[in-house]
Amino acid sequence: MEEEVTDRVLRSFADCADPRTREVMRSLVRHLHAFVREVRLTEREWDLGVDFLTRTGHITDDRRQEFILLSDVLGVSMQTVAVNNEAYGEATEATVFGPFFVEDSPEIEQGGDMAFGARGEPCWVEGTVTDTVGEPVAGARVEVWEADEDGFYDTQYDDERTAARAHLFTDADGGYRFWGLTPTPYAIPHDGPVGQLLAATGRSPMRASHLHFMVSAPALRTLVTHIFVRGDELLDSDAVFGVKDSLVKDFRPQDSGSPTPDGRDLADRAWSRVRFDIVLAPDGT
Ligand code: BEZ
Ligand code: FE
């Protein structure tokens, strides 16, 4: 019987001292064995799978994390987000973290510019951070990062630039405001094994345009999310399944020369503006 080996492997974990490790490993084995039986996996196919994982490991280094990318395109990252960020009242929804967050981003003042020279159309971003009973959260740390208009994060360039990323702190009323870039669509890195997987399965590497946020404050659940651009054609086909309706926002186009909120001179450039009010759930929910 094919299931016999499954039972034997499951029993082999009987002496595992940590109950959670035992639970996770037994479930993993049950699902992996069921998958092999269901698709009648051939030995050649399993060799190809092992080779794929080997290449995924070999291309991974400090700057490139192909395993996260694999988890993202298989929807495992979003499934884990769903399991760990249960809906709580009006709390803002979370979405995938992605591989481009960097610790120690530069701090900007309220109204500052997080572009630091990155190419793209200026975008005024403003909103508030509150808790689920509507109290403003002063001093919340708001991390933001995004790709430039050529579709690249600063870490994808060979120089050591820091651009299109920053953090700021909410004011006494929970408000925040800054200049960023109007998000544009971009392709996730697809010159490696994950790109081959996408090509072989007829899938696109394109992500819907977005601006990343990570918002944290004492006693509140840290929120990792992004906002998407209403009207973007890619909203229904995001390569990593990150889009949620509640995160699609109106980025309102503004003509060049129209007055800016802080008096910045954009006489010869179009710009846009968006509002994103953020609600944080209590910690431990
Ligand atoms: C990102 O949005 O930065 C991202 C997310 C998942 C995979 C690649 C990039
Ligand atoms: Fe991104």
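Just above, that's the structure.
Residues numbered from 1 in each chain as written. Chains lettered and ligands numbered in written order. Predicted model: local features only at pLDDT ≥ 70, side-chain atom pairs only at ≥ 80, totals over all residues. Heavy atoms only, no water.

Participant: Outline the coordination of the iron ion (ligand 2), supporting the account with residue identities and numerical values.
Facilitator: Protein-derived ligands of the iron ion (ligand 2) are Tyr 153 (OH), Tyr 186 (OH), His 210 (NE2) and His 212 (NE2), with the metal-ligand distances lying across 1.9 to 2.2 Å. Coordination at the iron ion (ligand 2) comes from six donor atoms whose angles at the metal span 55 to 166 degrees, giving a geometry best classed as irregular. Mapped onto the sequence, the donors of the iron ion (ligand 2) take the spacing Y-x32-Y-x23-H-x1-H. Here Tyr 186 is found in strand 5 (residues 186–187), whereas its partner His 210 is found in strand 7 (residues 210–216), with 24 residues between them in sequence. The burial state of Tyr 186 is the same as that of His 210; both residues are buried. (Donors = N, O, S within 2.8 Å, 3.2 Å for Na, K, Ca; no water. Tetrahedral: all angles 85-135°; square planar, octahedral: opposite > 155°, others 65-115°. Helix = DSSP H or I, 4+ residues; strand = E, 2+ residues; numbered from the N terminus. Buried < 20%, exposed > 50% of the residue type's maximum accessible area, 1.4 Å probe, protein only.)

Participant: Give me the lowdown on the site of ligand 1, citing residues and values where you can.
Facilitator: Every residue lining ligand 1 is accounted for by Leu 69, Asp 72, Gly 98, Pro 99, Phe 100, Tyr 153, Tyr 186, Ile 188, Arg 207, His 210, His 212 and Val 240. A distance of 3.0 Å separates an oxygen atom of ligand 1 from a polar atom in the side chain of His 210. Computed on the free molecule, ligand 1 has an accessible area of 260 Å², of which 100% lies beneath the protein chains in the complex. Only helix 4 (66–73) and strand 7 provide two or more residues apiece to the shell around ligand 1. Split by residue class, the shell around ligand 1 holds seven nonpolar, three polar and two charged. (Near = heavy atom within 4 Å. Polar contact = N/O pair within 3.5 Å; in protein donor to acceptor, adjacent residues only side chain to side chain. Areas by Shrake-Rupley, 256 points an atom, 1.4 Å probe, with all protein chains shown as cover. Nonpolar A, V, L, I, M, F, W, Y, C, P; charged D, E, K, R; others polar.)

Participant: Residue-level account of the pairing of strand 7, with values.
Facilitator: Within strand 7, six of the seven residues are buried, leaving the element largely enclosed by the surrounding structure. Of the strand pairs in this sheet, strand 2 (residues 141–145) and strand 7 are connected by five bridges, and their pairing is antiparallel. When the bridges of strand 7 are listed, Val 144 appears paired with Phe 213. The loop that links strand 7 with its antiparallel partner strand 8 (residues 223–229) comprises six residues; one of these, Ala 219, has a positive phi angle of about 70 degrees. (Pairing = 2+ DSSP bridges.)

Any functional reading would require information beyond the geometric quantities listed.
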